[in-house]
Amino acid sequence: MLIYFGMAIKILENQHMKRRKFIKTASLTSVGLTLGSTLVNCDEINTKTAVLQNKEAIANLKALPLVVATWHVKEATAKAMEVLQAGGNALDAVEQGCRLEEANEKNQTVGKGGLPDRDGNVTLDACIMDKHGNCGSVVYLQNITHAVSVARKVMEDTPHVMFAGEGAKQFAISKGFQPEDLLTEASKKAWEKWKIEAKYKPIINIENHDTIGMLAIDKNGDIAGACTSSGLAYKIGGRVGDSPIIGSGLFVDNEIGGCVATGLGEEVVKTVGSFLVVELMRQGKTPQQACEEAIGRIVTKPNSNYKNFQVGYIAVNKQGEIGSYSIHQWFSMTKFQDEKNEQIQSDYYNKT
Ligand code: GLY
């Protein structure tokens, strides 16, 4: 297992400084008359504490780099890991990993070949977030396969966060993206079949892969995330899901961790799911506990009809620990770490 001492020392320094500040403050307020000697003792205490915390921080760090993604997307996680192992950063890794699935016409939930809305238009949503908390997003993007890369351009080349519809498309073209028809023969056939009955209801675990959300931690311990989707199949024209909404489909705080969501976007948006998971981790929950609580917020709502839809979360924290949880069975994540690229079935809420 690779351990990154630089990152451990950073954590140690932070903890050491926080503890020092705390003890100093406590001394100043409660034992003002013995200030001098108290501070000397604190330094001794801090040195001992620092040694212990150093060991603890190193022991707790998981092997880096690390990539996790929603669903079974081993080729995408392999691509992201290839970028990381070649010295690329977490942001490059998640973009390249998502691009691979966007170009995969057999994947009917993202990019080219994504299932269209009820009028036959393929409209894409995507976002990306870096280690500084910068983010970019595109909603209702048409005719451009690599929505995640357009989102990155929004983040890096404009003072804005989100571009929509025709404006997003024209922006992409101005950045050199080639417009193309995203409706493949297979997706057109599926849409024509759907039109016979035209039933409008969410499909749980559509083909066991839905939105592709990816989180990576690079060898420096920095976290980035991305999310890309063609949204709900046969949606009403104009509908946008959670995937391009920062805090809902994706949230990264490099001090704490990151989370991405998949499933019925409306339910994720209503609870600002990914932000919630990261905030729960900030309060001390593990990634697994945080994902479980965020699903709990959805299913325990009065009159929740959770039996009819799926939502799944995956999360990582700064120590490289991971978690995943969904409402229904058969949600999975792919994890690439320590030379192992594996699919992991998620635990889930609805066991009745
Ligand atoms: N999670 C994808 C969507 O609801 O659009």
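Conventions we followed
Residues numbered from 1 in each chain as written. Predicted model: local features only at pLDDT ≥ 70, side-chain atom pairs only at ≥ 80, totals over all residues. Heavy atoms only, no water. Near = heavy atom within 4 Å. Polar contact = N/O pair within 3.5 Å; in protein donor to acceptor, adjacent residues only side chain to side chain. Areas by Shrake-Rupley, 256 points an atom, 1.4 Å probe, with all protein chains shown as cover. Nonpolar A, V, L, I, M, F, W, Y, C, P; charged D, E, K, R; others polar. Pairing = 2+ DSSP bridges. Helix = DSSP H or I, 4+ residues; strand = E, 2+ residues; numbered from the N terminus. pLDDT = per-residue confidence, 0-100. Contact = heavy atoms within 4.5 Å. Buried < 20%, exposed > 50% of the residue type's maximum accessible area, 1.4 Å probe, protein only. Lys, Arg positive; Asp, Glu negative; His and termini not counted. Salt bridge = Lys/Arg side-chain N within 4 Å of Asp/Glu carboxyl O.

Peer 1: What should I look at first to understand the site of the ligand in this one?
Peer 2: Close to the ligand lie Thr 211, Ser 229, Gly 231, Leu 232, Arg 239, Gly 241, Asp 242, Ser 243, Gly 263, Leu 264 and Gly 265, which account for all nearby residues. Within the side chain of Asp 242, an N or O atom sits 2.7 Å from a nitrogen atom of the ligand. Contact with the protein chains removes 99% of the 200 Å² of surface that the ligand exposes when unbound. The class makeup of the residues in the shell around the ligand is 2 nonpolar, 7 polar and 2 charged.

Peer 1: So what exactly am I meant to see when it comes to the sheet that holds strand S13 (residues 347-348) here?
Peer 2: One key point about sheets: their strands pair by backbone hydrogen bonds, in either a parallel or an antiparallel sense. Strand order in the open sheet formed by 5 strands is S7-S8-S9-S10-S13, with mixed pairing between adjacent strands. Pairing within the sheet leaves two strands with one partner each, and these edge strands are strand S7 (250-253) and S13. Bridge count for strand S10 (residues 322-326) against S13 is 2 bridges, and the pairing is parallel. Residue pairing for S13: Ser 326 is matched across the bridge by Tyr 348.

Peer 1: Would you take a moment to explain the confidence of the model for the chain for this structure?
Peer 2: When pLDDT is low, close inspection of the predicted coordinates is not appropriate. In this model, the chain carries a mean pLDDT of 86, and residues with pLDDT of at least 70 account for 80%. Contacts for the low-pLDDT stretch residues 1-42, under 50 throughout, to residues beyond four places or in other chains number 47 contacts.

Peer 1: Explanation requested: the side chain of Asp 130 in the structure shown.
Peer 2: In this fold, Asp 130 is placed in the loop between strand S2 (124-129) and strand S3 (135-141). Of the side chains with opposite charge, Arg 152 comes closest to the buried, unpaired Asp 130, at an N-O distance of 7.7 Å. Of note is the side chain of Asp 130, whose polar atom sits 2.9 Å from the backbone nitrogen of His 132. Apart from residues no more than four positions distant in its own chain, Asp 130 is found in contact with Leu 91, Met 155, Ile 223, Ala 224 and Val 252.

Peer 1: How should the pairing of S10 be read in this particular structure?
Peer 2: In the case of a regular strand, side chains alternate between the two sheet surfaces. Across the 5 residues that make up S10, a large majority, 4, are buried. Count of turn residues in the strand S9 (residues 311-317)/S10 antiparallel hairpin: 4 residues, of which Gly 320 carries a positive phi of about 85°.

Peer 1: Teacher, can you tell me more about the pairing of strand S8 (residues 257-263) here?
Peer 2: Of all 7 residues making up S8, 7 are buried, and the element is well covered by its neighbours. In S8, alternate side chains face the same way, and those of Gly 257, Cys 259, Ala 261 and Gly 263 on one face and Gly 258, Val 260 and Thr 262 on the other are all buried. Sheet analysis places S7 next to S8, joined by 4 bridges and oriented antiparallel. Bridge pairing links Val 252 to Gly 258 in S8. Here S7 hands over to S8 after 3 residues, the two strands then running antiparallel side by side. Direction of pairing for S8 relative to S9: antiparallel, over a ladder of 7 bridges. Across the sheet, the residue bridging to Gly 257 is Asn 317, located in S9.

Peer 1: Can you walk me through the pattern of salt bridges in this structure?
Peer 2: Any two side chains of opposite charge can pair, on the condition that their charged atoms come close. Going through the model one piece at a time under the given rule, you end up with 16 salt bridges. In this structure, the salt-bridge partner of Arg 152 is Glu 95, at a minimum N-O distance of 2.8 Å. Here Glu 95 lies in helix H4 (residues 90-103) and Arg 152 lies in helix H5 (residues 147-157), a separation of 57 residues in the sequence. This pair shows no difference in class: Arg 152 is buried, exactly as Glu 95 is. One salt bridge connects Glu 180 with Lys 112, and the closest N-O pair in it is separated by 3.1 Å. On the criterion of sequence distance, the pair formed by Glu 180 in the loop between helix H6 (165-174) and helix H7 (185-197) and Lys 112 in the loop between H4 and S2 is long-range, its members being 68 residues apart. Judged by its relative accessible area of 30%, Glu 180 falls in the partly exposed class. The class of Lys 112 is buried, set by a relative accessible area of 18%. Each of Asp 92, Glu 95, Arg 152 and Glu 156 takes part in salt bridges that share partners, so that together they form one network.

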